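Structural overview for review
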Amino acid sequence: MKITDTIIEPPVYGYKFPQNKEEILFLDIETTGLSPDASSLYMIGVMYFDTAAGSWHIKQFFADNYKSEAEILLAFLNILGNYNYLYHFNGKTFDIPYILNKFRKYNIKPDMHCSRIFNNTDTEYSIDILALIRPLKKLLSIKKATQTALEQWLGITRENKYNGEQLIPIYSQYMQYKFIAPSKATQLEKLLLLHNHDDIKHMLNICSILSYYGLFQDTCNITITGIKPGTGSYINIIYSHNITIPKNISITKQYPASKEKTIQIQDMKLELSSKHAILSVPLFYGNLKYFYPDYKNYYFIETEDTAVHKSLIHSSCKNYKKASVSTCYTKKEGLFIPSMETWQSGHDNIRFYITYHDKLCFYILPDGTADINNPFWNYFVKRQLILLL
């Protein structure tokens, strides 16, 4: 077994890990096939943060002979014992099951600490970067979520263009050249190490994509800085945020379709840049309904097209009947702003609908629409961002 230890340059894109960096270990393995029963593990690469040096290090355990497999497994297990969190790319599907299979082959038994990480089914200790990025694909217009595709999406290019499958015959050549052409073997070894090195190194950059989650959570700190009319019937809500993202993005999102087919609402648009964003929302002028949740306590007056509480019904009232869930409403005319939220009657007194149990809901614009200090705008923006995911 050969061991290399290199210091890497800081990532192009930063990411604020939810855990302490000193407790994180990154993992990537190289094998001669997909099946652990019919292939060999020839490299385990790990990356860790050296607090004293203030830099990330990559350590690689390389099988320079066919008897090194168990040795590199034990070396990895020994270093993992010093860390609480394991980051990987598609590791829950491939790397970890492959390693566990090899543990069984060599009767290697991880201690309780390492077993907890390997067997973690959520993302508390074992963090699969790919699994976390997949839900963001559509939102960020990411076509493929392979590591190479994500690096390209970020604008990162590699010197080494080989993928893991293409390196399998190269490892076989390396083992042959070790004895008949040592200089060629050295060149191939560098190629094998470089691929694994770059895979691990660029996981740091890919982690920056996870920053977008911070924008679509209720914990995101938003400050409304401006509310301006847009082109046509749009209103632009300009706000600042405290999330550093790797790439500016433009998102267009359709609202849920209304039961009332004659009503057409334009799309919501989000222009997102580092520290600032513009949420463009269409406006709607019309007559909408607020539905009371406790319909059994209301009567519907047909002549007035509204529901009133039973305590307000008196003998002079005519053409009224017990309200149903679909007739227990009051109407309001005005200028409204649509929301990505769907039906939920009685949520608050500012949520309006075109018809009962509609998927499309609205808020009436508050008095002093352009007042950035009105708490409605902060609430509204946060709700829309959360619902974009």
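Now for a look at the structure at hand. Quick caveat: nothing in here was measured; it's all calculated off a predicted structure.

1. A closer look at helix α2 (residues 95-105)
Inspection of α2 places Asp95, Ile96, Tyr98, Ile99, Asn101, Lys102 and Phe103 among the buried residues, and these make up the whole buried set. Those residues of α2 that are buried lie in contact with β2 (24-31), β3 (41-50), α1 (69-80), β5 (85-88), α3 (112-118) and β6 (126-128). Asn107 occupies a position one or two residues after α2 and carries a positive phi of about 55°.

2. Considerations on the sheet that holds β3
Judged by pairing direction, the sheet is mixed, and its 6 strands sit side by side in the order β1-β4-β3-β2-β5-β6 without closing on themselves. The open sheet has two edge strands with one neighbour each: β1 (2-7) and β6. In this sheet, neighbouring strand axes are inclined to one another by 20° on average, regardless of whether the strands run parallel or antiparallel. Its contacts with the sheet put helix α8 (residues 182-207) on β1, β2, β3, β4 (55-62) and β5, and the angle it makes with β2 is roughly 140°.

3. Structural notes on the pattern of salt bridges
Counted by the stated rule, this structure contains 12 salt bridges. With its nearest N and O atoms 3.6 Å apart, the salt bridge here joins Lys105 to Glu69. Highlighted residues: Lys105 in helix α2 and Glu69 in helix α1, separated in sequence by 36 residues. Among the ionic pairs, Arg158 bridges to Asp199, the shortest N-O distance being 2.5 Å. Here Asp199 lies in helix α8 and Arg158 lies in the loop between α6 (147-154) and α7 (164-180), a separation of 41 residues in the sequence.

4. Here we look at the side chain of Ser211
Counting through the fold element by element, Ser211 comes out in the loop between α8 and β7 (222-229). Within the structure, the side chain of Ser211 is placed 3.4 Å from the backbone oxygen of Thr244, a separation counted as a polar contact.

5. Re the sheet that holds strand β11 (residues 276-282)
An order of β7-β8-β11-β10-β9 is seen for the 5 strands of this open sheet, with the pairing classed as antiparallel. A strand with exactly one partner marks an edge of an open sheet, and here the two such strands are β7 and β9 (249-253). Strand-to-strand twist in this sheet, taken as the mean axis angle between neighbours without regard to direction, amounts to 15°. Two strands pair when backbone bridges link them, and β9 and strand β10 (residues 268-272) are joined in this way by 5 bridges, in the antiparallel orientation.

6. Quick look at the packing of aromatic side chains
Tallying each qualifying case throughout the model produces 34 aromatic pairs. Both rings, one in Phe17 and one in Phe26, keep their centres 6.1 Å apart while their planes meet at 75°; by these two values the pair is edge-to-face. Residue Phe17 shares its accessibility class with Phe26, and that shared class is buried. When the centroid spacing of 5.5 Å and the interplanar angle of 50° are considered together, the rings of Phe94 and Tyr98 count as tilted. We classify Phe94 as partly exposed; its relative accessible area is 21%. Each member of the aromatic cluster is reached from another via a ring pair, and the members are Phe284, Tyr290, Tyr292, Tyr298, Phe336, Phe352 and Phe362. A cation over an aromatic ring shows up here: Lys21 above the ring of Phe49, its NZ or CZ 4.0 Å from the ring centre. For the cation-ring pair, Lys289 lies above Tyr329, with the distance from its terminal atom to the ring centre recorded as 4.4 Å.

7. Quick word on unusual backbone geometry
Negative phi characterises most residues that are not glycine, and trans characterises most peptide bonds. Although it is not a glycine, Ser141 sits at a positive phi angle of roughly 55°. Examined against the element boundaries, Ser141 turns out to sit in the loop between α5 (137-140) and α6. When its relative accessible area of 52% is taken as the criterion, Ser141 is described as exposed. A positive phi angle, close to 50°, is found at Asp305, a residue other than glycine. Tracing the sequence through the fold places Asp305 in the loop between β13 (298-301) and β14 (306-309). A relative accessible area of 24% means that Asp305 is categorised as partly exposed.

8. Let's talk about the environment of Leu77
Among the structural elements, Leu77 can be located in helix α1. Judged by relative accessible area, which is 13%, Leu77 ranks as buried.

9. A word on the environment of Tyr13
Counting through the fold element by element, Tyr13 comes out in the loop between β1 and β2. The sequence separation of Tyr13 and Ile237 amounts to 224 residues, and the corresponding C-alpha distance is 27 Å. Discounting chain neighbours no more than four positions away, the residues touching Tyr13 are Leu154, Ile156, Leu204, Asn205, Ser208 and Pro246. Here the side chain of Tyr13 touches Leu154 through a polar contact of 2.7 Å, landing on its backbone oxygen.

Cut-off values and rules
Residues numbered from 1 in each chain as written. Predicted model: local features only at pLDDT ≥ 70, side-chain atom pairs only at ≥ 80, totals over all residues. Heavy atoms only, no water. Buried < 20%, exposed > 50% of the residue type's maximum accessible area, 1.4 Å probe, protein only. Helix = DSSP H or I, 4+ residues; strand = E, 2+ residues; numbered from the N terminus. Contact = heavy atoms within 4.5 Å. Pairing = 2+ DSSP bridges. Axes fitted to C-alpha atoms, helices over the stretch in contact; angles between N-to-C directions. Salt bridge = Lys/Arg side-chain N within 4 Å of Asp/Glu carboxyl O. Polar contact = N/O pair within 3.5 Å; in protein donor to acceptor, adjacent residues only side chain to side chain. Phe/Tyr/Trp six-rings, centres within 6.5 Å; stacked < 30°, edge-to-face > 60°. Lys NZ or Arg CZ within 6 Å of the ring centre and 35° of its normal.

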